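These are the residues of each chain, in order.
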Amino acid sequence: MPDSKSTIFIQIAAYRDPDLPATLIDLIHQAAHPERLHIGICLQLEDCDPTEWGETSFPKHPYLSIIRSRAADSQGACWARHQAQKLFQGEAFLLQIDSHMRAIPNWDVLLLQTWAECRDPSAVLSVYPNGFRLPRQLQLDSLPVMGAQRFDDYGILKFQGISRYRLPEQQPHKPIVSACVAGGFLFGPGEIVARVPYDPKLYFYGEEISMSVRLWTHGFNIYCPHQLLVFHLYKSLAANGDRSTTHWADHSDWFQLNRRSLVRVHTLLGSMNQAPASLKPSTDDVDDLNNYGLGCQRSLEAFQDWAGVNFVRQTISEEAMAGHFKSVES
């Protein structure tokens, strides 16, 4: 369980994001104990990007470390998350977020308290956070959970956010059992970095279902927080004049990275027969997948039975779609 001096490693992959400096300022300013935050950033910029997107606009902090990369050399979101993990130094907890976020006051203490209220040393908190409008208009009227949504055209299971609880009258009393990991907000023990490291050869699609299954089979249990903690800038909510871009908009060969990623996810989940023939899998696609594979504490079959999904038949139960999952112990 966390103590009064628990450190949090904040892992951020930032691709040409003008909001990154504001995100860092907000995280540090809103924290009760900013000195216990250790921030690791994979910063991906081009020479033509405005200087205010980069380090000259970052807040001063004694434990802020950066791995720099030219945006042209970037291999995608998961590659960048893997780079940021190289800055991990054994902190007690890991927090993975995107580079365009805001947080409530004392979020660090409340996040540790929320994790402790799971009463589970293997708990991982994750959800699609509510949105915010620039500069800091937070969506506070509902609490989200996650559920399965559909299998996409590539045969990959996608998740959905569900605004289940109206606040404040429907505030839950404890974290909610889940089977779904969101790439933009993940919090748990620091040992995740060594036991379930990010696969740098994943691109973007398939990231969340693969991490959900990998964490679960390694013995971690997933929960949605029962209170609002952080907020995400969804592009549909962005203010006019947003100049950020995406990796796939900049890289004409992005599909080759995505193709390899999809092959790896299907191989991991035993569903390669459901993958489109256009993926043209090869042994080179999965040569090091054992380094980023499933755990041995629980099986892939057990995850599917418990979560109400089947990767080969591509079926989803009504409970999974609604985001209703039973405690693993029940």
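No experiment lies behind these values; they were computed from the predicted model shown.

Asks: Looking at this model, I keep getting lost on the overall build of the protein. Mind explaining?
Replies: Check the secondary structure of the protein and you find nine helices and 16 strands. Oriented by its inertia axes, the alpha-carbon framework of the protein measures out at about 50 × 45 × 40 Å. Buried positions account for 57% of the 330 residues belonging to the protein. Partitioning the contacts of the protein with sequence separation of at least 6, the portion at a separation of at least 24 is 79%. Carbon and sulfur atoms provide 50% of the accessible area of the protein, an area that totals close to 14,500 Å².

Asks: What exactly am I supposed to notice about the sheet that holds strand β12 (residues 185-189) here?
Replies: Backbone-to-backbone hydrogen bonds join strands into a sheet, with any given pair of strands oriented parallel or antiparallel. Spatially, the eight strands line up as an open sheet ordered β3-β2-β1-β4-β12-β6-β13-β11, and their pairing is mixed. Edge positions in the sheet fall to β3 (64-70) and β11 (176-178), since each of these pairs with one other strand and no more. Each adjacent strand pair in this sheet contributes to an overall mean axis angle of 25°, direction not counted. When strand β6 (residues 123-126) meets β12, the two strands line up antiparallel, connected through two bridges. Bridged to S126 within β12 is L186. Along the sheet, helix α2 (residues 77-85) contacts β1 (8-15), β2 (37-45), β3 and β4 (93-97); its crossing angle with β1, the most-contacted strand, is approximately 140°. Lying over the sheet, helix α3 (residues 107-116) contacts β1, β2, β4, β6 and β12, oriented at roughly 65° with respect to β12.

Asks: Honestly, the layout of surface pockets in this entry has me stumped. Any pointers?
Replies: Approximately 950 Å³ is the volume found for the largest pocket. Forming the boundary of the largest pocket are 37 residues, of which R81, D98, F204, H232 and W248 lie nearest the centre. Mapped onto the lining of the largest pocket, the elements with two or more residues apiece are β1, α2, β10 (157-166), α5 (207-217) and α6 (247-250). Here the lining of the largest pocket is composed, by residue class, of 18 nonpolar, twelve polar and seven charged. Quantified by volume, the second largest pocket comes out at close to 200 Å³. As for the second largest pocket, its lining consists of L43, L45, E46, D47, D49, P50, T51, G54, E55, R68, S69 and R70. Those elements that place two or more of their residues in the lining of the second largest pocket are β2 and β3. Here the element with the most residues in the lining of the second largest pocket is β3; it accounts for three residues.

Asks: Help me understand the pairing of β12, please; the structure alone is not making it clear to me.
Replies: Looking along a regular strand, one sees side chains alternate from face to face of the sheet. Burial runs high along β12: five of the five residues are buried. Where β4 lies against β12, five bridges are found, and the strand directions are antiparallel. Bridged to L95 within β12 is F187.

Asks: How should the side chain of Q304 be read in this particular structure?
Replies: For Q304, the location among the structural elements is in helix α8 (residues 300-307). Setting aside anything within four residues of it in sequence, one finds Q304 in contact with V309, N310 and F311.

Asks: Looking at this structure, how should I read unusual backbone geometry?
Replies: Glycine aside, the phi torsion of most residues is negative, and most peptide linkages are trans. L134 connects to P135 through a cis peptide bond whose omega is 0°. Here P135 lies in the loop between β7 (132-133) and β8 (137-138). At the junction of L167 and P168, the peptide bond is cis and its omega measures out at 10° in the coordinates. Locating P168 in the fold gives a position in the loop between β10 and β11. One non-glycine residue, R16, adopts positive backbone phi at about 45°. Overall, the relative accessible area of 14% leaves R16 in the buried class.

Asks: I'm lost on the environment of S278 in this one. Help?
Replies: As for its placement among the helices and strands, S278 is situated in the loop between α7 (254-269) and α8. It is 9.6 Å that separates the C-alpha atoms of S278 and Y154, two residues lying 124 residues apart in sequence.

Asks: How should I be thinking about the packing of aromatic side chains in this particular structure?
Replies: For any two aromatic rings, the description comes down to two numbers: the centre-to-centre distance and the angle of the planes. Evaluated as defined, the whole model comprises twelve aromatic pairs. Residues W216 and W306 carry aromatic rings whose centres are separated by 5.2 Å and whose planes lie at 15° to one another, so their mutual orientation is stacked. Of this pair, W216 sits in helix α5 while W306 sits in helix α8; the two residues are 90 residues apart in sequence, bridging distant segments of the chain. On the basis of relative accessible area, W216 is assigned to the buried category, the value being 3%. Feature note: the residues W216, F303, W306, F311 and F325 constitute an aromatic cluster, connected by ring pairs.

About the cut-offs
- Residues numbered from 1 in each chain as written.
- Predicted model: local features only at pLDDT ≥ 70, side-chain atom pairs only at ≥ 80, totals over all residues.
- Heavy atoms only, no water.
- Helix = DSSP H or I, 4+ residues; strand = E, 2+ residues; numbered from the N terminus.
- Buried < 20%, exposed > 50% of the residue type's maximum accessible area, 1.4 Å probe, protein only.
- Contact = heavy atoms within 4.5 Å.
- Areas by Shrake-Rupley, 256 points an atom, 1.4 Å probe, with all protein chains shown as cover.
- Pairing = 2+ DSSP bridges.
- Axes fitted to C-alpha atoms, helices over the stretch in contact; angles between N-to-C directions.
- 1 Å grid on protein atoms, 1.4 Å probe; cavity = no way out; pocket = protein on both sides within 12 Å on 5 of 7 lines; lining within 4 Å.
- Points joined across faces, edges and corners; volume = space filled by probe spheres on them.
- Nonpolar A, V, L, I, M, F, W, Y, C, P; charged D, E, K, R; others polar.
- Phe/Tyr/Trp six-rings, centres within 6.5 Å; stacked < 30°, edge-to-face > 60°.

The quantities given are spatial measurements derived from coordinates; they are silent on function.
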